Amino acid sequence: MTSAVRKERNAFYARTWGGKNRHYDIFKEGAIALSITAILVVALSALFSSPDDPSLTFKGWAQSAPDNFYATTVQQLAGTSGTATYGPPYNEGDGISVGPLTLQKWGGVTHPVDSVNDLVITPLSSQVEPSNVTDALKAWNAATSDQQTAWATAYDDAVQATADDNGDLHLDAVAKGDYGPVPDLATGLLAMANSGAYDNAMTGQGQFFQTDQTKQLLMMGDGSYMDDIATEKNLQGNTWGMMNEAGSWPGQIWLAFWSVWYQLPMFNNADGGTLTDNADAIIFFILMALILLFILVPWIPGVRDLPRWIPLHRLVWKDYYKKYGRFTS
Amino acid sequence: MSTDTAAESAPAAIEDFQPTTWTGSIRKKWLTTLPPEKMLPENQPAYVSSWIYVFGMLTITALIVVIASGCILTIGGVQWFHESSTGHFVNSLHFWSVQLFFLFMIVHLWGKFWMAAWRGKRGLTWATGAICFMAALATAFTGYTITTNFNAQWIAFEAKDVMNSVALGSWINVTNLGQMVGMHVVLLPLAVVAVVAMHVLLVRKHGVVPPIDALDPEAAVSASAAPSHSADTRSADTGEAATVSGAADATGEVSS
């Protein structure tokens, strides 16, 4: 199409329509559409209900996978857990970077989380404990930072060394060593979780009002308990988990354009991808660029011409064309 | 502060109205841009007769049900639907209305794409629709994070990594229930409704775009008056000289 013809056509498209009209009642159409939608929603709700899998608890974790809870507690003390090594906004560290850009650091540490104290020592100190745990707390608090790290790191290494080929830990096979109060602290927290007291301590965090679940969610995610359940429910990112729903309900299908990127081998841990460490950041920027293009479609040559090149519009207006004709070259 | 003025009398036509206040200026601008017959028309162009046109209205009706069910859920509180069968049913209404809202919106969006509905200075209409989709996506996402169940735990835990990876997590903490409730119930719905309102007003202002290769009915009038077919006889696709086949008179008023 020449620019002159394009200009002429656009002027026509922009003008107030001067051709045949038909009666139209926007409020009548709206009332009918609202009725249809409301009936559909009520029918679907009555027939299929909606998903509501109960939230996971630390008590459930401690009872279903006690070894994993115990080992995660040791990792918190040793500073090797996902939370302890996360970086901003929870603690110091580099976090994710893309090339020379240390993006994760740009926002700073705005939600500080001290994995040792917030997730282990403070909850343990918040209630009456057996004497061995009380003594362990005293020993831990009296020790220097270096001593604490030496005990916890040695014990963490010893615990992880018991893992078999499947990754399952065998705590009864932990090598003897100088681990200080760490085993008693981990045993104490496991007992606390088993009784449900750890859930209460983490929910309130010593305050009357508390609506921030960051700390308990980080603790929950550091173990394999929640991750295993998500895998079982097909909710992992590399299995379209971003748009899946637990159970057989429809999920966030509208996130397909985002989820698809996590299926690519380069971003996928299971396929040995090379960009898995910073996949979230790279995919985020790819998506932001695509969203910008999506918004700007009318001004992008080629993209805006696709409807002319693939004339699906003829299906929409076939009756109009039949009655009033259209251009044919 | 006010001054005494004569009683206001309605001007004969809006173009004759000379505003002396901000309010008057806005009234003149509003009525010039969107006169009542454009805002609430009783007619539409004859080409607006396909099921695809219904999906814009269906999207708005689903949004109405989403907001209504969301208001009831807000009264009950975020944990109401775990404890009450009524609450669970209202949650189901909210869940399925959201599903339909996105279904209708995606069909509407693809329909408008293949109809190249941005033609004739309607680019902003498309852009507001696209922004509306994104705002709705953010609203739905925050909704999942406040369900106070396993979904909320898992989605918030996973999503925080995306937010933190680009430093957004420092301000928007998806694991903070209080913050997410505020965003889902107040800020993001306001954004969606504002953008939808802008989108609808733009549609009303510009009218529904004519078919891609429609004949210009006004040019057809002059063409029939002047047998040389000087106007509008090129192909919309190629710009080549074109013949018009099977064309009835496309001009005129309401066809019933």
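Residues numbered from 1 in each chain as written. Chains lettered and ligands numbered in written order. Predicted model: local features only at pLDDT ≥ 70, side-chain atom pairs only at ≥ 80, totals over all residues.

All right, on to the overall build of chain B then. For chain B, the count of helices and strands is nine helices and three strands. When the helices and strands of chain B are placed in sequence order, the string is α-α-β-α-α-α-α-α-α-α-β-β. Counting every position in chain B, which comprises 256 residues, the buried fraction comes to 43%. (Helix = DSSP H or I, 4+ residues; strand = E, 2+ residues; numbered from the N terminus. Buried ≥ 20, exposed ≤ 12 C-beta atoms within 10 Å, placed from the backbone.)

Quick look at the overall build of chain A now. Each helix and strand counted, chain A has 16 helices and two strands in total. Taking 2.2 N^0.38 as the reference for a compact globule, 329 residues should give roughly 20 Å; the C-alpha atoms of chain A span a radius of gyration of 29 Å, well beyond that estimate. Burial analysis of chain A (329 residues in total) assigns 35% to the buried set. Across chain A, every contact between residues at least 6 apart in sequence was considered, and the portion connecting residues at least 24 apart equals 55%. (Rg over C-alpha atoms; globule rule 2.2 N^0.38 Å. Contact = placed C-beta atoms within 7 Å.)

Okay, the domain arrangement of chain A next. Quoted interface sizes are often the accessible area lost when the parts come together. Residues and elements named next belong to chain A. Segmentation of chain A into domains returns domain 1 (58-232) and domain 2 (239-329). Here domain 1 and domain 2 have C-alpha centroids that lie 41 Å from each other. Taken together, the contact pairs five residues of domain 1 with six residues of domain 2. Of the residues that constitute the side of domain 1 that touches domain 2, the class distribution is four nonpolar, one polar and no charged. (Domains from an automatic or database assignment. Nonpolar A, V, L, I, M, F, W, Y, C, P; charged D, E, K, R; others polar.)

To continue, consider the interface of chain A and chain B. The partner chain B presents 103 residues to the 90 residues of chain A that form the contact. Element by element, the count of residues in the side of chain A that touches chain B is highest for helix H2 (residues 26-48) of chain A, at 12 residues. Here the side of chain A that touches chain B is built from residues that sort into 46 nonpolar, 29 polar and 15 charged. Of the strand pairs in this sheet, strand E1 (residues 21-23) of chain A and strand E1 (residues 43-45) of chain B are connected by three bridges, and their pairing is antiparallel. For His23 of chain A, the partnering residue across the bridge sits in E1 of chain B and is Asn43 of chain B. (Pairing = 2+ DSSP bridges.)

Residues and elements named next belong to chain A. With 12 residues, helix H1 (residues 3-14) ought to run about 16 Å at 1.5 Å a step, and its terminal C-alpha atoms sit 16 Å apart, in line with that. Here H1 has its buried residues at Arg9, Phe12 and Tyr13. End-on, the buried residues of H1 take up no more than an arc of 100°, which puts them together on one face. Pointing more than 90 degrees away from the buried face of H1 are the exposed residues Ser3, Ala4, Lys7 and Ala11. (Expected span 1.5 Å × (residues − 1). Arc of directions from axis to C-beta.)

Counting 123 residues, the largest nonpolar core has Val74, Val182, Leu185, Leu189 and Ala193 of chain A together with Phe101 of chain B as the members making the most contacts within it. By residue number, the principal contributor to this core is helix H5 (residues 85-114) of chain B, which donates 12 residues. For this core, the domains that each give at least three residues are domain 1 (58-232) and domain 2 (239-329) of chain A. Dropping the residues within four chain positions of it, Val74 of chain A is found in contact with Ala152, Tyr155, Asp156, Val159, Val182 and Ala186 of chain A. (Core = buried A, V, L, I, M, F, W, Y, C linked by C-beta atoms within 7 Å.)

Let us look at unusual backbone geometry. The linkage connecting Pro88 of chain A with the following residue, Pro89 of chain A, adopts the cis geometry, with an omega of 10°. Tracing the backbone through its elements, the reader meets Pro89 of chain A in the loop between helix H4 (66-78) and helix H5 (115-125). The backbone of Asn234 of chain A shows a phi angle near 65°, a positive value even though the residue is not glycine. If you check the backbone angles, Ala116 of chain B has positive phi at about 45° while not being a glycine.

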